[in-house]
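# Notes for the structure review
Each chain, written out:
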Amino acid sequence: MGIHQIQSADSNILLESMSESILITTPELDLPGPYIIYVNKAFEKMTGWTRDEILGKNPRFLQGPHTDLGIFHDLRNILSKGKVWKGQTINYKKDGTEFFMEWSIAPVYDENGVIQKLMAVQRDITENVRIKNELEKSRIRELKRVVEIEQTNITLNYITEKQKKTLDLFIK
C-alpha cells in the first residue's frame, strides 16, 4: 500500500468521523453543475438523504421557497480567488422540513494548483436561530415594558406634583 493510498484511506475515515456535515462537489458552478461526488454520514443524518440517493445530483435540490439565494451572489468570485466562502440560509430535508444551515465552501486543489473539487462543511443551526429569535422577542417585550414603566413614572410624578400643590394650598 503506497503513501497516497494510506492518505486517501485516512482522509475517508476522517471525513466519515466528523460531526459536521461534509458535501464535496465537482468544481463547475454553471448549471447543470456542480455535481455531488461525496457526502458523509453527518450529512445523511442532517438531511435525511442517503448517499446513494444524491450522488451525481446538483446540491441546489436542497433549496426551496424560503432559501435566500441572494447569499450566493459572491460565491463564484470568492472561490475563484482561492478563498473560503461562508453563508447561512434555510435549506430543506428530505421530508420537506426547513432547517437553518450555516456552511463554508472551500476549493480543493490538485497538485498543479487547479481547483479539482469544492468541499462544503455544513452545520444545522436551527436551534441557535430559534434561541436567537426568542431572545430578540424577549428583548422587545422588555423594552416595551421599560417604556410602560417610564410612562407610569411620568404619570405618577405628574399626579404627585398636583397633589403637592393641592396640599400646599391647605398648608398656607
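No experiment lies behind these values; they were computed from the predicted model shown.

On to the sheet that holds strand β5 (residues 115–124), then. Strand order in the open sheet formed by five strands is β2-β1-β5-β4-β3, with antiparallel pairing between adjacent strands. Edge positions in the sheet fall to β2 (36–39) and β3 (85–92), since each of these pairs with one other strand and no more. Ignoring which end each strand starts from, the neighbouring axes of this sheet average 30° apart. Of the pairings in the sheet, the one linking strand β4 (residues 98–109) to β5 comprises nine bridges and is antiparallel in character. Residue pairing across strands places Ala-106 opposite Met-119, the latter belonging to β5.

The next thing to look at is the pairing of strand β1 (residues 21–25). Across the five residues of β1, five count as buried, placing the element largely inside the fold. Side chains Ser-21, Leu-23 and Thr-25 project from β1 onto one buried face, and the interleaved Ile-22 and Ile-24 project onto a second face that is buried too. Inspection of the sheet shows β1 paired to β2 by three bridges, in the antiparallel sense. In the sheet register, Ile-24 faces β2, and the bridge partner there is Tyr-38.

Considering all chains together, one arrives at four aromatic pairs under this definition. Ring centres 5.6 Å apart and planes at 20° place the aromatic pair Phe-72 and Trp-85 in the stacked group. Note that Phe-72 is positioned in the loop between α3 (51–54) and α4 (75–80) and Trp-85 in strand β3, a separation of 13 residues in sequence. For Trp-85, a relative accessible area of 1% translates into the label buried.

On to unusual backbone geometry. For the bond from Leu-31 to Pro-32, the omega torsion is 15°, close enough to zero to count as cis. A cis amide bond links Gly-33 to the next residue, Pro-34, at an omega of -5°. With respect to the element layout, Pro-34 can be found in the loop between β1 and β2.

Formed by 19 residues in total, the largest nonpolar core has its most connected members in Phe-43, Leu-79, Trp-85, Trp-103 and Ile-105. The set of elements that each furnish at least two residues to this core consists of β2, α2 (41–47), α4, β4 and β5. A total of four residues in this core trace back to one element, the largest contributor, which is β4. In this structure, Phe-43 is in contact with Ser-21, Ile-22, Leu-23, Gly-48, Trp-49, Ile-54, Leu-62 and Gln-122, ignoring residues within four places of it in sequence.

Scoring rules and cut-offs
- Counting starts from 1 at the beginning of each chain's written sequence and moves along it residue by residue.
- The predicted nature of this model means local features are confined to residues of pLDDT at least 70 and side-chain atom pairs, given and counted, to a pLDDT of 80 or more, with totals for whole chains, interfaces and linings taken over all residues.
- The side-chain values count all of the structure's non-hydrogen atoms but skip hydrogen atoms and water molecules.
- Any two strands are treated as partners once DSSP identifies two or more bridges connecting them.
- The way it works is that DSSP assigns letters per residue, a run of H or I at least four long becomes a helix, a run of E at least two long becomes a strand, and they are numbered from the N terminus.
- Axis definition: a line fit to C-alpha positions, over the contact stretch in the case of helices; interaxial angles, taken between N-to-C directions, run 0 to 180 degrees.
- Each residue gets one of three labels from its accessible area relative to the maximum for its type: buried under 20%, exposed over 50%, partly exposed in between, using a 1.4 Å probe on protein chains only.
- Stacked, tilted and edge-to-face are the three classes applied to pairs of Phe, Tyr and Trp rings, where Trp contributes its six-membered ring and a pair requires centres within 6.5 Å; stacked means planes under 30 degrees apart, edge-to-face means over 60, and tilted covers the rest.
- Residue types Ala, Val, Leu, Ile, Met, Phe, Trp, Tyr and Cys, when buried and joined through side-chain atoms within 4.5 Å, form a set referred to as a nonpolar core.
- For this analysis, residues touch if any pair of their heavy atoms sits within 4.5 Å.

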